[in-house]
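Here are the chains, one letter per residue:
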Amino acid sequence: EKVKRYADIISAPAKYLDSSISEKTFKVIADNANETVFQYIDTNSSRANIEIINAKLEGQKIAIIGLGGTGAYILDMVAKTPVKEIHLFDGDSFDQHNAFRSPGAASMSDLDKNPGKAAYYQKLYSNMHKNICVHDYYVKKKNLQELDQMDYVFVCVDRNAARKIITDHLVNIGISFSDVGLGVNVVDDKLIGAVRVTSATRDKNDHLPLRIFSEDSDDNEYATNIQIAELNALNAIFAILKWKKISGIYVDLENEHHSSYSIGVSKIFNEDITT
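The structure contained in this document is the topic of the report that follows. (Residues numbered from 1 in each chain as written. Predicted model: local features only at pLDDT ≥ 70, side-chain atom pairs only at ≥ 80, totals over all residues. Heavy atoms only, no water.)

### A short note on the pairing of strand β6 (residues 190-200)
The side chains of a regular strand alternate, residue by residue, between the two faces of the sheet.
Phase 1: Examined bridge by bridge, strand β5 (residues 176-187) and β6 share 11 bridges and lie antiparallel to one another. Within the sheet, the bridge partner assigned to Gly181 lies in β6 and is Arg196.
Phase 2: In sequence, β5 turns back onto β6 through a hairpin of 2 residues, with Asp188 there showing a positive phi of about 55°.
Phase 3: Pairing geometry for β6 and strand β7 (residues 256-262), over 5 bridges, is antiparallel. Looking at the pairing, Thr198 lines up with His258 of β7. (Pairing = 2+ DSSP bridges. Helix = DSSP H or I, 4+ residues; strand = E, 2+ residues; numbered from the N terminus.)

### Here we look at the environment of Lys2
Phase 1: Mapped onto the elements, Lys2 comes out in helix α1 (residues 2-17).
Phase 2: The class of Lys2 is exposed, set by a relative accessible area of 63%. (Buried < 20%, exposed > 50% of the residue type's maximum accessible area, 1.4 Å probe, protein only.)

### With respect to the layout of surface pockets
Phase 1: In this structure, the second largest pocket spans a volume of roughly 480 Å³.
Phase 2: Of the residues that constitute the lining of the second largest pocket, the class distribution is 12 nonpolar, 11 polar and 6 charged. (1 Å grid on protein atoms, 1.4 Å probe; cavity = no way out; pocket = protein on both sides within 12 Å on 5 of 7 lines; lining within 4 Å. Points joined across faces, edges and corners; volume = space filled by probe spheres on them. Nonpolar A, V, L, I, M, F, W, Y, C, P; charged D, E, K, R; others polar.)

### Observations concerning unusual backbone geometry
Phase 1: With a phi angle near 50°, Phe26 is a residue other than glycine that sits in the positive phi range.
Phase 2: Turning to its location among the elements, Phe26 is positioned in the loop between α1 and α2 (43-48).
Phase 3: The phi dihedral of Asp189 falls on the positive side, at around 65°, and the residue is not glycine.

Right, here's the structure in full:
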């Protein structure tokens with residue numbers, strides 16, 4: 001308050017002559033001392049006085065499996081947290097249709113290069129976060145062990161068979177995760193559907209057999225690549241909120257491990273609640 005008051009006093013004569021000027025330049029403060037995982041200092045947390053709360057995420061190694069619409073939005077939000085490392089798993093390329101259901105705005109030159117999704121997003125979000133690691137391949141049985149050192153995993157795949165293999169492995173080794181899903185159908189020229197987040201921890205995973213299946217279903221417009229940016233983003237937000245609740249950032253009064261939002265009725269249904 002003292003520094004701010006002195007700034008007000010010293011700048012007052014100049015502001016009297018020209019009301020459009022300000023002593024607040026908001027010059028970028030780079031992390032030149034390499035004290036954080038960010039390229040520049042997180043002044044947002046300091047302004048809000050929540051640095052101690054956000055510090056609960058420090059040291060975490062996060063994996064995001066699948067960088068389609070939802071996975072990309074999850075990365076967008078994880079990259080703004082002080083986690084130690086972010087590991088990106090995806091063997092697909094970043095194509096033109098991906099640009100319309102992902103955060104940001106890819107340029108034509110970006111698309112012409114036909115980059116891998118993991119490499120594309122690593123380059124983009126390394127502008128903010130220093131420790132983003134590329135794994136430009138799909139997670140399969142032969143490389144599941146690469147997840148063993150993670151603290152939290154976001155499973156963002158659209159194949160039930162792959163989802164089941166990954167989540168079974170995470171349960172076996174005791175790693176917490178959130179699995180996301182989005183289902184959309186066309187009815188009378190309108191879209192109906194829901195987004196869901198199914199989470200599990202070392203202490204709560206007995207609900208998974210009722211939520212995650214090994215068979216793929218064709219009765220879902222998601223399988224035909226109907227994805228909408230706002231639904232992908234919403235799905236990602238719900239997953240991020242649950243991760244932060246499990247990490248002690250947010251209050252969690254319901255402690256649900258399966259949550260779904262129904263588009264038609266605008267309601268959130270929480271299930272698999274633990275006391």
